[in-house]
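Coordinate analysis (summary)
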Amino acid sequence: MITDEKKCVVHMIPYGRQEITQADIDAVVAVLKSDLITQGPVVSRFEKALSNYCEAEYAVAVNSATSALHLACRALDLKSGDYLWTSPITFVASANCGLYCGAAVDFVDIDPSTYNLSVTALEKKLKQANKEGCLPKVLVTVHFGGQPCEMEKIHVLSQQYGVCIIEDASHAIGGKYQGEHIGNCRYSDITVFSFHPVKIITTAEGGMAVTNHQSLAAKMDLLRSHGITRAPSLMSHVSDGPWYYQQVDLGFNYRMTELQAALGISQLSRLDQYVERRHQLAERYDQLLSELPVTVPWQHPDSYSGMHLYVVRLELNEISKTHRQVFEQLRGQGIGVNLHYIPVHTQPYYQRMGFRVGDFPEAERYYAEAISLPLFPLLTEKQQDRVVETLRGALLP
Ligand SMILES: *Cc1c(COP(=O)(O)O)cnc(C)c1O
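Report follows, based on the coordinates. Since the structure is predicted, the reported quantities are computational estimates derived from the model, not experimental observations. (Residues numbered from 1 in each chain as written. Predicted model: local features only at pLDDT ≥ 70, side-chain atom pairs only at ≥ 80, totals over all residues. Heavy atoms only, no water.)

**Section: the pairing of strand S8 (residues 190-194)**
Of all five residues that make up S8, five are buried, and the element is covered over most of its length. Residues of S8 alternate between two faces, with Ile190, Val192 and Ser194 on one and Thr191 and Phe193 on the opposite face, all of them buried. Here S8 pairs with strand S9 (residues 207-211) via five bridges, running antiparallel. Paired with Ser194 across the bridge in S9 is Gly207. (Buried < 20%, exposed > 50% of the residue type's maximum accessible area, 1.4 Å probe, protein only. Helix = DSSP H or I, 4+ residues; strand = E, 2+ residues; numbered from the N terminus. Pairing = 2+ DSSP bridges.)

**Quick notes on the sheet that holds strand S7 (residues 180-181)**
Taken in spatial order, the three strands make up an open sheet running S7-S6-S13, and their pairing is antiparallel. In this open sheet, the two strands that pair with only one neighbour each are S7 and strand S13 (303-304). In terms of strand pairing, strand S6 (residues 176-177) meets S7 through two bridges, oriented antiparallel. Note that in S7 the partner of Lys176 across the bridge is His181.

**Some thoughts on the environment of Gln267**
In this fold, Gln267 is placed in helix H9 (residues 258-268). For Gln267, a relative accessible area of 1% corresponds to the buried category. When sequence neighbours within four positions are dropped, the list of residues in contact with Gln267 reads Glu19, Ile20, Asp24, Ile201, Thr202 and Tyr274. There is a polar contact of 2.8 Å between the side chain of Gln267 and the backbone oxygen of Glu19. (Contact = heavy atoms within 4.5 Å. Polar contact = N/O pair within 3.5 Å; in protein donor to acceptor, adjacent residues only side chain to side chain.)

**Thoughts on the packing of aromatic side chains**
Evaluation of the coordinates by the stated rule reveals 14 aromatic pairs. Ring centres of Phe144 and Tyr341 lie 6.2 Å apart, and the angle between their planes is 80°; this geometry places the pair in the edge-to-face category. Taken together, the residues span a long stretch of sequence, with Phe144 in the loop between strand S4 (138-142) and helix H7 (151-161) and Tyr341 in the loop between helix H11 (323-332) and helix H12 (348-351) at a distance of 197 residues. Here the aromatic rings of Phe144 and Tyr366 are separated by 6.0 Å at their centres, their planes lie at 85°, and the arrangement is edge-to-face. (Phe/Tyr/Trp six-rings, centres within 6.5 Å; stacked < 30°, edge-to-face > 60°.)

**Considering the site of the ligand**
Close to the ligand lie 15 residues, the nearest being Thr66, Asp168, His171, Ser194 and Lys199. Interatomic distance of 3.4 Å between a side-chain N/O atom of Ser170 and a nitrogen atom of the ligand. At a separation of 3.0 Å, an oxygen atom of the ligand approaches a polar side-chain atom of Lys199. Compared with its free state, where it exposes 380 Å², the ligand has 92% of that area covered by protein. Of all the cavities here, the one that holds the ligand is the largest pocket. Where the shell around the ligand is concerned, the elements lending two or more residues are helix H4 (65-75) and helix H5 (93-100). When the residues that make up the shell around the ligand are grouped by side-chain class, the tally is five nonpolar, eight polar and two charged. (Near = heavy atom within 4 Å. Areas by Shrake-Rupley, 256 points an atom, 1.4 Å probe, with all protein chains shown as cover. 1 Å grid on protein atoms, 1.4 Å probe; cavity = no way out; pocket = protein on both sides within 12 Å on 5 of 7 lines; lining within 4 Å. Sits in = over half its atoms within 2 Å of the grid points. Nonpolar A, V, L, I, M, F, W, Y, C, P; charged D, E, K, R; others polar.)

Right under this line is the structure:
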């Protein structure tokens, strides 16, 4: 018997979900039947395939984007006494990676049209920090919803002030900036991708860091597996014998499995198709929502978004309900809307470090109005119509 609760779950249209094909299943099963199931040649193949795709020199696969961010910070030698800056409108992991390394975290407010960190705010904050002698060592730029940040301008600033750049491209795989795939690291030191199931392609859990610097790749490779090496060139003294390995740094177990990599390779073959479908659905939302009191996502004409999220902002002056009432009504009627994100600086953990509500007003204004609508390749037009009609019902009297 299906309980009411179950029924509700069955009919809820989620905001995002994976597609797993028979080819995906076959690829994973083939690995399961092989000798090696943790990091091995399939992981190397996945790394090669992704670095080829985005035209980066090196790739290091790990068990999540959170791990990749942590390793990226470590490879850039972020440590106690340093600063990491990022956007407040992101998943907490983009900021937490700085804290893992003992660094302090600060934020740059967002641009109200793209919801990415504002280059104007960044420039102003860098100028001030330079005067006060507290420039950040690392800036994590988050391509929110898949829309690339203004990387060329950010890169110029980073050169001027000596700041390293990590692109958090968890939303942006398959997207393009200036006609080139995100992940080529033309304007950054390292780019990080996530393969969580709601993201654009999935390995269940998983992440990847790509870079054009051999030394950064080698460091991340070492740290993903305990800081242990068998490479003679990395050992501090000669080998005792064939069994010998050396721990030369304090690393972690962040390895990806062969199962995950097999799934990733299989998913990667459909990446362009997925992003294209996401764009079709987003454009359809743009049309269907044009008469409603919402602001649809603005797309920079020079870039091609990975289109991970479709966020609308409610025009609260035009409607008689609150943001929360609209959100609850949608959820209540089976639309699995979400809110990306609660500004990181307002989280209790960050408040304890001294951040206050009011610190980043554009981010907070955005948070008071934003709702992510369902968007994923398997979303049907019929389901999408239901989302729009439910939203219309919630917004109009
Ligand atoms: C999902 C996400 C992460 C973390 O990814 P995991 O693979 O789940 O660790 C980091 N940053 C952003 C912006 C994300 O959306």
